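Structural overview
Each chain, written out:
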Amino acid sequence: MNEHVSRPVPVTMKMVADAYQKVRRGGKAAGVDGQSWKEFEKEVEDNLYVIWNRLSSGSYFPQAVREVEIPKKDGGKRKLGIPTLKDRIAQCVVKDYMEKQLDAQFSDASYGYRPMRGSQEAVEQVRQNCFTHNWVIDVDIAKFFDEIDHELLMKAVEWMIEDKWVRMYVRRWLEMKIQRIDGKEQDREGKGTPQGGVISPLLANVFLHVAVDKWLEKNYREVSFVRYADDMVIHCQSREEAEGILQAIEERMQEVKLRLNRDKTTIVYCKDYNRKENVKEVKFGFLGFSYQPRSRQSQHDQSTYLAFTAEISAANAKKIRDEIREMKEWRDTTIEVEQIAWQLNARLRGWINYFGRYSKRMLYYTLRQVDECLIKWIQRKYKIRSVRRALAKVGELKSKMRTEGKAIFYHWGAGYS
């Protein structure tokens, strides 16, 4: 069928092909149909044509999402919903179309899952806000993706976008069944959007833009806030202001059929050399960083002072150490050190580029895990009992790096050695 023939939905083959290229770079997990990318690509043109044909005719209906569980930091489980490959591509088509219509409408305080914005900008904005505001409300919305109300979400979508075909497909994706781990299918019962769906982060932004961002901007113009998806911090000038806004937020959550996790929602004092109130809560976390009072050295006279700033959180430092230590390459003494570095360097570069922007001290101690694992690997490979001799081997590698001007491990050349 010719795609230039008039269709009720303005989706083109190019939109589908572009979406496929984006989704292909993502996760490999199969949906309920069990189709892998290898199988999909045996007949890629036919598969993309079917997606386009159904999307553009209004006859596209998604399959159920496959439920999987992944561990959370607190020891619990987070449930993800894995769509089929075809559904991921179809969702990406609609998401890309919606983004072009919606992104300019979103608040400047919203950073998550938006073009040309990201977590690093959000982390820096929080840091800047802490310099000018004495208090922070660290907001934790309980089970947001599981509890989001479908009818309220559809009202938000309808308020922000006029295209009826977009609304139609959004509703169909909201109503997708869940194939549970035991194989049984389950209805969504009017709430929840699966984490793992391509379109879910954008729908979260739409809902929270209407339910929270616009509400804050209308009723509390004096405060600053930063939101990354459902992670949010609100900056205030006094404890009284923070307490009043927190109470109002809790009431607002009830109005939009959500709730705060009060065990994790806290009011924090941004204590530094100039803020000297005796307050217990002086630390909060945001996007992998811990914001708290830290000793800093003045660039003018080398004296030390207390600053309220960001550093990699203890939980993320531990996660990185564990990931380094658990690499299977450390158990293989038949390979060369360059092969270990090749496996590790992309991750080292990512950690340093993200966490190394602020306070390198904690990240420096974290990445020492590489050297500790390297020493033990050298001892096993060369049957060396002496730690001193193994350390000398590491020293030789670092000298070679300085001589040849090329770091074996990325962090050595980036000043973390």
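Nothing here was measured: the structure is a model prediction, and the numbers come from that model.

In this structure, M116 takes a positive phi of about 65 degrees despite not being glycine. Mapped onto the fold, M116 is located in the loop between α4 (85-102) and α5 (119-132). Positive phi values are uncommon outside glycine, yet K383 reaches one of about 55 degrees.

Spatial ordering of the open sheet is given by β6-β7-β3-β8, a layout of four strands whose pairing is antiparallel. One side of each edge strand has no neighbouring strand; the edge strands of this open sheet are β6 (224-228) and β8 (266-269). Averaged over all neighbouring strand pairs, the angle between strand axes comes to 20 degrees, with direction disregarded. In terms of strand pairing, strand β3 (residues 135-140) meets strand β7 (residues 231-236) through six bridges, oriented antiparallel.

On to helix α8 (residues 164-174). Those residues of α8 lying buried are W165, V166, Y169, V170, R172, W173 and L174. Where α8 is buried, its residues touch α3 (44-57), α4, α7 (150-160) and α9 (200-219).

Pairing between sheet strands relies on hydrogen bonds along the backbone, with the strands arranged either parallel or antiparallel. Reading across the sheet, the four strands line up as β2-β1-β4-β5 and stay open at both edges, with mixed pairing between neighbours. Two strands bound the open sheet, and with one partner strand each, they are β2 (77-82) and β5 (185-186). Sheet topology note: the strand β1 (residues 65-71)/β2 ladder contains six bridges and is antiparallel. Paired with V68 across the bridge in β2 is L80.

In this model, helix α12 (residues 337-355) (19 residues) spans 25 Å end to end at C-alpha, consistent with the 27 Å of a helix rising 1.5 Å per residue. The sharpest bend along α12 comes to roughly 45 degrees, located at L344. Of all the positions in α12, only V337, I340, A341, L344, N345, L348, W351, I352, Y354 and F355 are classed as buried.

The subject of this paragraph is the pairing of strand β11 (residues 304-312). Note that strand β10 (residues 289-297) and β11 share nine bridges and pair antiparallel. Residue pairing across strands places S290 opposite E311, the latter belonging to β11. Linking two consecutive strands that pair antiparallel, namely β10 and β11, is a turn of six residues; a positive phi of about 65 degrees is found at Q302 within it.

Before going further, it helps to spend a moment on the pattern of salt bridges. Applying the stated criterion across every chain, the model contains 27 salt bridges. Between K14 and D18 there is a salt bridge, and its shortest N-O distance comes to 2.8 Å. A residue pair is termed a helical-turn pair when its members lie 3 or 4 positions apart in one helix, as K14 and D18 do in helix α1 (residues 13-24) at four residues. The exposure class assigned to D18 is partly exposed, which follows from its relative accessible area of 35%.

Membership of the largest hydrophobic core comes to 76 residues, with the highest contact counts inside it found for I51, I89, M98, F144, F207 and I234. With ten residues, α9 is the largest single contributor of residues to this core. In this view, F207 contacts F144, I148, D149, L152, L153, A156, V256 and L258; residues no more than four positions away in its chain are not counted. Residues Y228, V268, I352 and A390 belong to the second largest nonpolar core, which totals 53 residues.

The rules behind these values
- Residues numbered from 1 in each chain as written.
- Predicted model: local features only at pLDDT ≥ 70, side-chain atom pairs only at ≥ 80, totals over all residues.
- Heavy atoms only, no water.
- Helix = DSSP H or I, 4+ residues; strand = E, 2+ residues; numbered from the N terminus.
- Pairing = 2+ DSSP bridges.
- Axes fitted to C-alpha atoms, helices over the stretch in contact; angles between N-to-C directions.
- Buried < 20%, exposed > 50% of the residue type's maximum accessible area, 1.4 Å probe, protein only.
- Contact = heavy atoms within 4.5 Å.
- Expected span 1.5 Å × (residues − 1).
- Bend = angle between axes of the 7 residues up to and from the residue.
- Salt bridge = Lys/Arg side-chain N within 4 Å of Asp/Glu carboxyl O.
- Core = buried A, V, L, I, M, F, W, Y, C linked by side-chain atoms within 4.5 Å.

So, to be careful, I would describe these as geometric facts and stop short of saying anything about function.
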